[in-house]
Amino acid sequence: MRVLTLTLAALIVLIQYPLWLGKGSWLRVWEVDQQIRAQRESNRRLQARNNALEAEVRDLKVGREAIEERARSELGMIKRDEIFYQVLEAAPAGRVSEPRNP
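Residues numbered from 1 in each chain as written. Predicted model: local features only at pLDDT ≥ 70, side-chain atom pairs only at ≥ 80, totals over all residues. Heavy atoms only, no water.

Peer 1: Sorry if this is basic, but what is going on with the pattern of salt bridges here?
Peer 2: Where charged atoms of side chains with opposite charge meet at close range, the side chains can pair. Enumeration over the complete set of coordinates arrives at 10 salt bridges. Here Arg37 and Asp33 are joined by a salt bridge, their closest N and O atoms 3.2 Å apart. Linking Arg37 with Asp33, this pair stays in helix α2 (residues 26-62), spanning four residues, or about one helical turn. With relative accessibility at 30%, the residue Asp33 sits in the partly exposed group. Close ionic contact of Glu56 with Arg70 constitutes a salt bridge, the shortest N to O distance being 2.7 Å. Placement of the pair is Glu56 in helix α2 and Arg70 in helix α3 (residues 64-75), with a sequence separation of 14 residues. (Salt bridge = Lys/Arg side-chain N within 4 Å of Asp/Glu carboxyl O. Helix = DSSP H or I, 4+ residues; strand = E, 2+ residues; numbered from the N terminus. Buried < 20%, exposed > 50% of the residue type's maximum accessible area, 1.4 Å probe, protein only.)

Shown next as structure tokens:
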């Protein structure tokens, strides 16, 4: 009877091996599921970025305001007969810059 029990236990272990450690095992399914989740998150971020870029391209094609805004912010351009004021922030109180003597 003991030999039969050990034989059946060994057969059960052999049958369970592919389920837990084989090519289509639960562990492999879990790993693939984690990869799918990571890829979906990456796709979501990239889709949001693509939507923003698409909206920006559409805005640049249609409206002059977007082109003007970009020229002002990125290239520092100003319109003709426009007065440009540059506001400089004061240095922090603990940091005083002294003139250098050559």
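After that view, the rundown keeps rolling.
Peer 1: What should I look at first to understand the packing of α2 against α3 in this one?
Peer 2: Two packed helices can be described by the angle between their axes and the distance between those axes. Close contact between α2 and α3 brings their axes to 5 Å; oriented N to C, the two are set at 105 degrees. Put simply, α2 runs roughly perpendicular to α3. Contact residues: α2 offers Glu56, Asp59, Leu60 and Val62, while α3 offers Arg64, Ala66, Ile67 and Arg70. Among the residues forming the contact of α2 with α3, the class breakdown is four nonpolar, no polar and four charged. (Axes fitted to C-alpha atoms, helices over the stretch in contact; angles between N-to-C directions. Parallel < 35°, antiparallel > 145°, perpendicular 65-115°, else oblique. Contact = heavy atoms within 4.5 Å. Nonpolar A, V, L, I, M, F, W, Y, C, P; charged D, E, K, R; others polar.)

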